[in-house]
Each structure stands twice: as C-alpha cells, then as structure tokens.
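Here are the chains, one letter per residue:
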Amino acid sequence: MTNRRATTRLVVLASGAGSTMRAVLKAASDEAYGAEVVGVITDKPGVGALEIAADAGVASVVVSPKDFADRAAWDEGLADAVAGFSPDLVLCLGFMRIIGAPTLERFEGRIVNTHPALLPSFPGAHGVRDALAHGVKVTGCTVMLVDAGVDTGPILAQHTVEVWDDDTEETLHERIKIAERALVAETVGRMARDGWTVNGRRARIGA
C-alpha cells in the first residue's frame, strides 16, 4: 500500500489539552509541510484541544459516548464524524479511547497513534510507569499505525529518551512528551510529503 497526496488532509482525535496537536498545527503552518489539519474530534466537551482548534480556525466536533445508546452506536458515530472531514490521515493525539472496528475498517492503514515507550516494550496505559519500574536506562516514544490490537500496529518512527536516576513517573513522562511532540510533527510531515508503505509488520516512509 502506497499513500501520497499533494496536500494531505489531517483529522485529529483528542481527549485533552491538545499539546501534540498544537505542535502539528505549528508545523503545518509552513506550506512546505505538505499537510493541513482540517478537523478536530473530541470525545468530551470543554477540553483544551477544542480551544486550540477554534484559535486556529479549524472545524471541530464533539462525539461524546453519553450521546449514544451504546458503545456500538458511538463507534459508528465516530467513524461517521471522521469520514465527514474526508481525511487522508487520522491522528490519535492524546485520544483516550480505543478505536472501534468501524473507524479501523474505513481508514485502515491511515490511523496514526503515539505511545510513551519504545514499542513493543511496555505497551498499554502505563508505559512510562512500567519502563521506570523495570529499571531501563533508555525509553522513549513511538509513532505507529493503529490496528485492532493495543499498541501493536506497524511502527513508523521512534525516539529515545534517557532515564535519569532521580526520575519520577512525572518527570520522565514530561521529557517523553517533549520528544513525542517533535516526533509526531516530523513523522506526519514526512508521510504527507513522501508517502508510506506497509508490508506486514514493516512500515516505511518514502519510496
């Protein structure tokens, strides 16, 4: 599968402050970046990501689970909301919900997520805590494509972060977040400009 487009349309899924989305918006303000954020979708009202979207003049939608009869209905609602923006890439940037089958099927190979550890080590919700507890000297962040598993999709890019002897979960996570913002912005830009291919477990950016 090869994907490339002159101006790549990005939709961001977010649940919180939107700091990583802000990094992508800043990078995309350069025309040479090759992509633009055309929509922001959150699963709750009043979050910082919505404020950032408004300030940037980007359309936003709230798809809250409480507005749907059940999880299956919400999954369909999310897929419809994403499709409404006709995206080339869907970016999960601090989106704290598992992506359901309707969205995965419609946008297979085009959903990007991040994780605060060097996958396949320390997947799941506590990647920073688990890495610290394990005593590793180096951890980092991963940008990957989303599949039906939890943090199991093909890896697009990774960046290492040194673990300091006096680190707490909070201090380590903060340094990982800084690296993560830069890595996401760089990786998405490369995907937009150069395309990407997926062959089994291997994802490659560029020809």
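Details of the structure are given in the entry above.
A few points on the structure. Since the model is a prediction, treat every value here as computed from it, not as a measurement.

In terms of regular secondary structure, the protein is built from 6 helices and 10 strands. Whereas a compact globule of 207 residues would reach a radius of gyration of roughly 17 Å, the protein reaches 17 Å, a difference of no more than 12%. Dimensions of the protein along its principal axes, counting C-alpha atoms only, are 45 × 40 × 35 Å. Looking at the 207 residues of the protein, the share that counts as buried comes to 49%. Counting contacts in the protein only where the partners sit at least 6 residues apart, residues at least 24 apart contribute 63% of the total. Summing over all exposed atoms, the protein offers an accessible surface of approximately 10,200 Å²; the carbon and sulfur share of this is 51%.

Two residues of an α-helix separated by three or four positions point the same way, owing to the 3.6 residues in each turn. Taking 1.5 Å per residue as the helical rise, helix H6 (residues 169-194) with its 26 residues ought to reach 38 Å, and the 36 Å between its terminal C-alpha atoms agrees with that figure. Positive phi appears at Gly195, one or two residues downstream of H6, with a value of about 75 degrees.

On to the packing of aromatic side chains, then. Aromatic ring pairs are described here by two measures, namely the spacing of the ring centres and the angle between the planes. Counted by the stated rule, this structure contains 1 aromatic pair. For the pair Trp74 and Phe95, a centre-to-centre distance of 6.4 Å together with 15 degrees between the ring planes defines the contact as stacked. On the criterion of sequence distance, the pair formed by Trp74 in helix H3 (residues 71-83) and Phe95 in the loop between strand E5 (89-92) and helix H4 (101-106) is long-range, its members being 21 residues apart. Neither residue differs from the other here; Trp74 and Phe95 are each classed as buried. A cation over a ring is seen here: Arg97 above Trp74, with NZ or CZ 6.0 Å from the ring centre. Just above the ring of Trp164 sits the side chain of Arg175; from NZ or CZ to the centre is 3.6 Å.

Attention now moves to the pattern of salt bridges. Counted by the stated rule, this structure contains 6 salt bridges. Between Arg106 and Glu76 there is a salt bridge, with the nearest N and O atoms lying 3.7 Å from each other. One end of the pair, Arg106, is in helix H4; the other, Glu76, is in helix H3, with 30 residues separating them in the sequence. In this structure, the salt-bridge partner of Glu169 is Arg129, at a minimum N-O distance of 3.5 Å. Here Glu169, found in helix H6, pairs with Arg129, found in helix H5 (residues 127-134); they are 40 residues apart in sequence, far enough to count as distant. Given a relative accessible area of 26%, Glu169 falls into the partly exposed group.

What counts, and where the lines are drawn
- Residues numbered from 1 in each chain as written.
- Predicted model: local features only at pLDDT ≥ 70, side-chain atom pairs only at ≥ 80, totals over all residues.
- Heavy atoms only, no water.
- Helix = DSSP H or I, 4+ residues; strand = E, 2+ residues; numbered from the N terminus.
- Rg over C-alpha atoms; globule rule 2.2 N^0.38 Å.
- Buried < 20%, exposed > 50% of the residue type's maximum accessible area, 1.4 Å probe, protein only.
- Contact = heavy atoms within 4.5 Å.
- Areas by Shrake-Rupley, 256 points an atom, 1.4 Å probe, with all protein chains shown as cover.
- Expected span 1.5 Å × (residues − 1).
- Phe/Tyr/Trp six-rings, centres within 6.5 Å; stacked < 30°, edge-to-face > 60°.
- Lys NZ or Arg CZ within 6 Å of the ring centre and 35° of its normal.
- Salt bridge = Lys/Arg side-chain N within 4 Å of Asp/Glu carboxyl O.

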